[in-house]
Structure formats: structure tokens, C-alpha cells
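Coordinates in review
So you can see what is in the structure, the chains are spelled out below.
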Amino acid sequence: MKKEYSPYEGIHAFPPFPVVLLTVKDNIITVGAVHIFSFDPPLYGVGIVPKRYSYKLVEEANEFVINFPTREQIEALEFCGTKSGREVDKFKKLGLTPQRGKAVETMLIKECPVNIECKVIKKIDLGGTHTWFIGEIQAVHIDEKYDASHTLVYDLQRKYRTIGEVVFTRPKAKK
Ligand SMILES: Cc1cc2nc3c(=O)[nH]c(=O)nc-3n(C[C@H](O)[C@H](O)[C@H](O)COP(=O)(O)O)c2cc1C
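I will try to describe carefully the structure that is included in this document.

The rules we used
Residues numbered from 1 in each chain as written. Predicted model: local features only at pLDDT ≥ 70, side-chain atom pairs only at ≥ 80, totals over all residues. Helix = DSSP H or I, 4+ residues; strand = E, 2+ residues; numbered from the N terminus. Rg over C-alpha atoms; globule rule 2.2 N^0.38 Å. Buried ≥ 20, exposed ≤ 12 C-beta atoms within 10 Å, placed from the backbone. Contact = placed C-beta atoms within 7 Å. Pairing = 2+ DSSP bridges. Arc of directions from axis to C-beta. Core = buried A, V, L, I, M, F, W, Y, C linked by C-beta atoms within 7 Å. Near = placed C-beta within 6 Å.

Here we look at the overall build of the protein chain
Within the protein chain one finds four helices and twelve strands. On C-alpha atoms alone, the protein chain measures out to a radius of gyration of 17 Å, which is about the 16 Å that the 2.2 N^0.38 rule sets for 175 residues. Considering the protein chain as a whole, with its 175 residues, one finds that 27% of them fall into the buried category. Long-range pairs, those at least 24 residues apart, make up 63% of the contacts in the protein chain with a sequence separation of at least 6.

Shown next as C-alpha cells:
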């Protein structure tokens with residue numbers, strides 16, 4: 001038996017998805033609305049609510065950095081997801097180290113094992129809650145000890161999780 005839900009309730013059934021610490025200029029914001037938009041060119045998109053302080057920063061800077069957090073960085077995710085850069089220097093408050101990138105002015109988070117530098121190529125306003133900024137990847141930094149199973153995913157029941165077991169590895173397609 002399946003129960004029916006309204007679109008507004010049912011949208012929360014979406015399975016866990018990546019959650020990242022996005023840096024823009026010298027601010028950090030927790031972002032769950034993040035996805036790959038193209039492999040060639042390599043594009044990541046992030047959805048940001050226009051009233052956020054970070055929204056204005058992305059508009060001004062035309063760039064952002066995606067930093068993948070680990071399970072040890074829950075406190076940073078919660079802090080950067082509830083406090084505004086208008087009132088607090090999140091790098092300082094959390095004792096995180098800003099690191100210069102290669103292609104953008106925005107600071108990377110040294111303590112995150114993956115940093116992806118992006119330049120905005122398009123802004124998409126769908127008339128909904130989030131406006132999407134599509135960023136072309138300029139440079140990627142990955143810790144040699146990085147293990148994707150240590151990164152976090154988040155779901156709309158407000159739970160952070162690590163990634164679960166591998167169930168199947170698809171064979172490569174023949175060319
Ligand atoms: C798990 C989680 C995911 C979030 N995802 C987003 C998101 O995708 N887009 C967004 O605009 N805000 C998102 N937020 C809310 C912002 O992180 C939050 O409003 C933040 O304090 C804004 O910071 P700022 O004022 O410095 O920009 C999320 C918060 C949490 C805790």
C-alpha cells in the first residue's frame with residue numbers, strides 16, 4: 001500500500017544528496033543544492049536562496065569554491081548553515097584555514113579534502129526558492145588520502161549520513 005502525499009510534502013522523499021561547504025570571497029555557506037550539470041565542459045551548479053548574504057557575494061564575485069566536508073566537520077556544516085557571514089567571520093569562528101586557490105580569488109578551506117574552483121557562466125532563476133549559479137570548473141584539489149566514503153550526504157529528514165555500501169560496479173561501456 002502506498003500513501004499519497006502533496007507535492008510540497010512528497011518532495012522530501014528525495015534520497016540523500018551531497019552537502020558541501022561553499023566558499024565565496026571570504027565567506028562560507030552550507031549548500032545541499034549542488035549538482036553536476038555537464039561533464040564537457042565540466043560544470044557544477046549550486047542553488048542559492050536570493051535572501052542569503054552569499055547570494056550577493058556570488059553575484060559580485062562571479063565565482064565560488066565547492067569544498068567537500070568530512071564527518072568530522074558536522075559542526076562547521078551546522079554553523080555555516082545557520083549563521084550568516086553578515087554577522088560573523090565563519091573561517092575565524094570555526095578555526096578553519098583559508099587557502100589561496102589557483103584560478104579564483106575566493107578562499108579554499110584547507111581542512112576539506114576536496115576543493116573545486118568554479119567560475120560562474122550562467123545564472124538561472126526558475127521563479128522558485130533557489131536561483132542556480134552554474135560554474136565551470138577551473139581547478140580541482142584532492143587530498144591523496146581522500147576517500148569518498150568519508151564524505152557526507154544529507155536528506156530532507158534533516159539527517160547527515162556517510163555514504164553506504166557499494167552494491168554493484170557498472171562495467172565500462174565498450175567504445
Ligand atoms: C544542511 C543544510 C543545507 C543547506 N542548503 C542550502 C542551499 O542549498 N541553498 C541555500 O541558499 N541555503 C542552504 N542552507 C542554508 C544556508 O546555509 C544558511 O541560510 C546560511 O546561514 C546562509 O549563510 P550566509 O548568510 O552567510 O550566506 C542549508 C543549510 C543547511 C544546514
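Here the narrative resumes.
Overview of the sheet that holds strand β11 (residues 152-154)
With antiparallel pairing, the three strands of this open sheet are ordered in space as β1-β11-β12. Since the sheet does not close on itself, it has two edges, and those belong to β1 (17-18) and β12 (160-162), each with one partner. As paired strands, β1 and β11 are joined by two bridges and run antiparallel to one another. Across the sheet, residue Phe17 finds its bridge partner in β11, namely Tyr154.

Re helix α2 (residues 53-61)
Those residues of α2 that sit buried are Ser54, Leu57 and Val58. Projection of α2 onto a plane perpendicular to its axis shows the buried side chains occupying an angular sector of 100 degrees, all on one side. On its buried face, α2 sits against β2 (20-24), β3 (27-31), β5 (42-48), β6 (63-68), β9 (114-125) and β10 (131-142). Once α2 ends, the next one or two residues include Asn62, with phi positive near 55 degrees.

Examining the pairing of strand β4 (residues 34-39)
In terms of residue burial, β4 counts as a barely covered element, since only zero of its six residues are buried. The sheet contact formed by β4 and β5 spans five bridges and is antiparallel. Bridged to Phe39 within β5 is Pro42. If you look at the hairpin formed by β4 and β5, you'll find two residues sitting between the two strands.

Comments concerning the nonpolar core
One recurring pattern in soluble globular proteins: nonpolar side chains tend to sit buried together. Counting 31 residues, the largest nonpolar core has Val20, Leu21, Leu22, Val46, Phe64, Val65 and Ile66 as the members making the most contacts within it. Taken together, the elements giving at least two residues each to this core come down to β2, β3, β5, α2, β6, α3 (74-80), β8 (108-109) and β9. Every residue in contact with Phe64, bar those within four places of it in the chain, is listed here: Leu22, Thr23, Val24, Val46, Val58, Thr106, Cys118, Phe133 and Gly135.

Points about the site of the ligand
Around the ligand, a shell composed of 21 residues is seen, among which Ala33, Ser54, Gly81, Ser84 and Gly85 lie nearest. Those elements that provide at least two residues to the shell around the ligand are β3, β5 and α2. Looking at the shell around the ligand, the element that brings in the most residues is β3, giving four residues.

A few points about the pairing of β3
The side chains of a regular strand alternate, first on one face of the sheet and then on the other. Within β3, five of the five residues are buried, leaving the element largely enclosed by the surrounding structure. Alternating residues of β3 divide into Asn27, Ile29 and Val31 and Ile28 and Thr30, and every residue in both groups is buried. Relative to β3, β2 runs antiparallel, the two being bridged by five bridges. Its bridge partner lying in β3, Val20 is registered against Val31. Linking β2 to β3, which pair antiparallel, is a turn of two residues; within it Lys25 sits at a positive phi near 55 degrees.

Some points on the environment of Val46
Assignment of secondary structure puts Val46 in strand β5. With 26 C-beta atoms packed within 10 Å, Val46 lands in the buried category. Expressed as a C-alpha distance, the spacing of Val46 and Thr151, which sit 105 residues apart in the sequence, is 18 Å.

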